[in-house]
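# Chains, contacts and geometry: an overview
Each chain, written out:
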Amino acid sequence: MKNTALYKNIGLAILRIAPSIMMITHGIPKLQKLIGGDFKFADPIGIGESPSLLLTVIGEFLCPLLIIIGYKTRLAAIPVAITMLVAAFIVHGADAFDVKEKALLYLTFFVAIILLGPGKYSIDKK
C-alpha cells in the first residue's frame, strides 16, 4: 500500500515537472523579446500586442517555473491552461488538428495538474 502512494506522488511530480520544463522552452524566446523591448507580438484576444506578450510570458515562463517547484501549483496552472486554450482555439483555430495538437496536449497536462494538484514532492505540501 505504501508503494502505491509513493508511485502516485512520483507520477504527480513527473506530470507537473516535465510539461512545465517543455513549456518554458516556448516561453524563453518570448521573455527575451519582452526584456529586449521588442513588443511586437500577436494580439489574438484584442488587448494589444504588449499585454498579449506579457500574459504569454506569464503563462509560458513564470507559471511553469512555479509549477516545477510546486508553489501555488493549481493556481499557477490556470494561466498556462488559458494560454493553451487561446493558442489552440484562437491562434490556431482555423488550422488543421496536427498544428494545434501540441497546444491541446499542453492544455490536457495543465488541466490535469489543476484537478490533481502537485503531490507530496512540492513546496505546496511542505
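Look above for the structure.
This one's a predicted model, so the numbers in the text were calculated from it and none came from an experiment.

A tally of helices and strands in the protein chain yields 4 helices and 0 strands. Each principal axis of the C-alpha atoms in the protein chain carries an extent, and together these give about 50 × 35 × 20 Å. With 126 residues in all, the protein chain has 34% of them scored as buried. Surface accessibility of the protein chain: about 7400 Å² in total, with carbon and sulfur atoms responsible for 71%. With 13 positive and 8 negative side-chain charges, the protein chain shows a spacing of 17 Å between the two charge centroids.

A word on the side chain of Thr 56. Tracing the backbone shows Thr 56 in helix α2 (residues 49-69). On the basis of relative accessibility, which here comes to 12%, the residue Thr 56 falls in the buried class. If sequence neighbours within four positions are ignored, Thr 56 has contacts with Lys 30, Phe 41 and Phe 61.

Okay, the pattern of salt bridges next. In a structure, side chains of opposite charge can pair up when their charged atoms sit close to one another. Here the structure, examined in full by the defined rule, presents 2 salt bridges. We note a salt bridge from Asp 38 to Lys 33, for which the minimum N-O separation is 3.2 Å. Using a relative accessible area of 34% as the deciding quantity, one classes Asp 38 as partly exposed. On the basis of relative accessibility, which here comes to 23%, the residue Lys 33 falls in the partly exposed class.

Take helix α3 (residues 73-91) next. In a regular helix each residue adds 1.5 Å, so 19 residues correspond to 27 Å; α3 covers 26 Å between its end C-alpha atoms and thus fits that length. Where α3 is buried, its residues meet α1 (2-36), α2 and α4 (97-116).

What follows is about the packing of α2 against α3. Their axes nearest at 8 Å, the elements α2 and α3 cross at an angle of 145 degrees. Along this stretch, α2 crosses α3, giving a crossing that reads as left-handed. Two secondary-structure elements touch here, α2 through Leu 55, Gly 59, Glu 60, Cys 63, Pro 64, Leu 66 and Ile 67 and α3 through Thr 73, Ala 76, Ala 77, Pro 79, Val 80, Thr 83 and Met 84. Grouping the amino acids of the contact of α2 with α3 by side-chain chemistry returns 10 nonpolar, 3 polar and 1 charged.

Let's shift gears to unusual backbone geometry. Of note, Lys 72 is a non-glycine position whose phi angle comes to about 50 degrees, a positive value. Tracing the sequence through the fold places Lys 72 in the loop between α2 and α3.

Relative to the elements of secondary structure, Met 22 occurs in helix α1. For Met 22, a relative accessible area of 42% corresponds to the partly exposed category. Here the alpha-carbon distance between Met 22 and Leu 116, two residues 94 residues apart in the chain, equals 20 Å.

Here is what the cut-offs are and how they apply
Residues numbered from 1 in each chain as written. Predicted model: local features only at pLDDT ≥ 70, side-chain atom pairs only at ≥ 80, totals over all residues. Heavy atoms only, no water. Helix = DSSP H or I, 4+ residues; strand = E, 2+ residues; numbered from the N terminus. Buried < 20%, exposed > 50% of the residue type's maximum accessible area, 1.4 Å probe, protein only. Areas by Shrake-Rupley, 256 points an atom, 1.4 Å probe, with all protein chains shown as cover. Lys, Arg positive; Asp, Glu negative; His and termini not counted. Charge placed at Lys NZ, Arg CZ, Asp CG, Glu CD. Contact = heavy atoms within 4.5 Å. Salt bridge = Lys/Arg side-chain N within 4 Å of Asp/Glu carboxyl O. Expected span 1.5 Å × (residues − 1). Axes fitted to C-alpha atoms, helices over the stretch in contact; angles between N-to-C directions. Left-handed = near helix turned anticlockwise from the far one by under 90°. Nonpolar A, V, L, I, M, F, W, Y, C, P; charged D, E, K, R; others polar.

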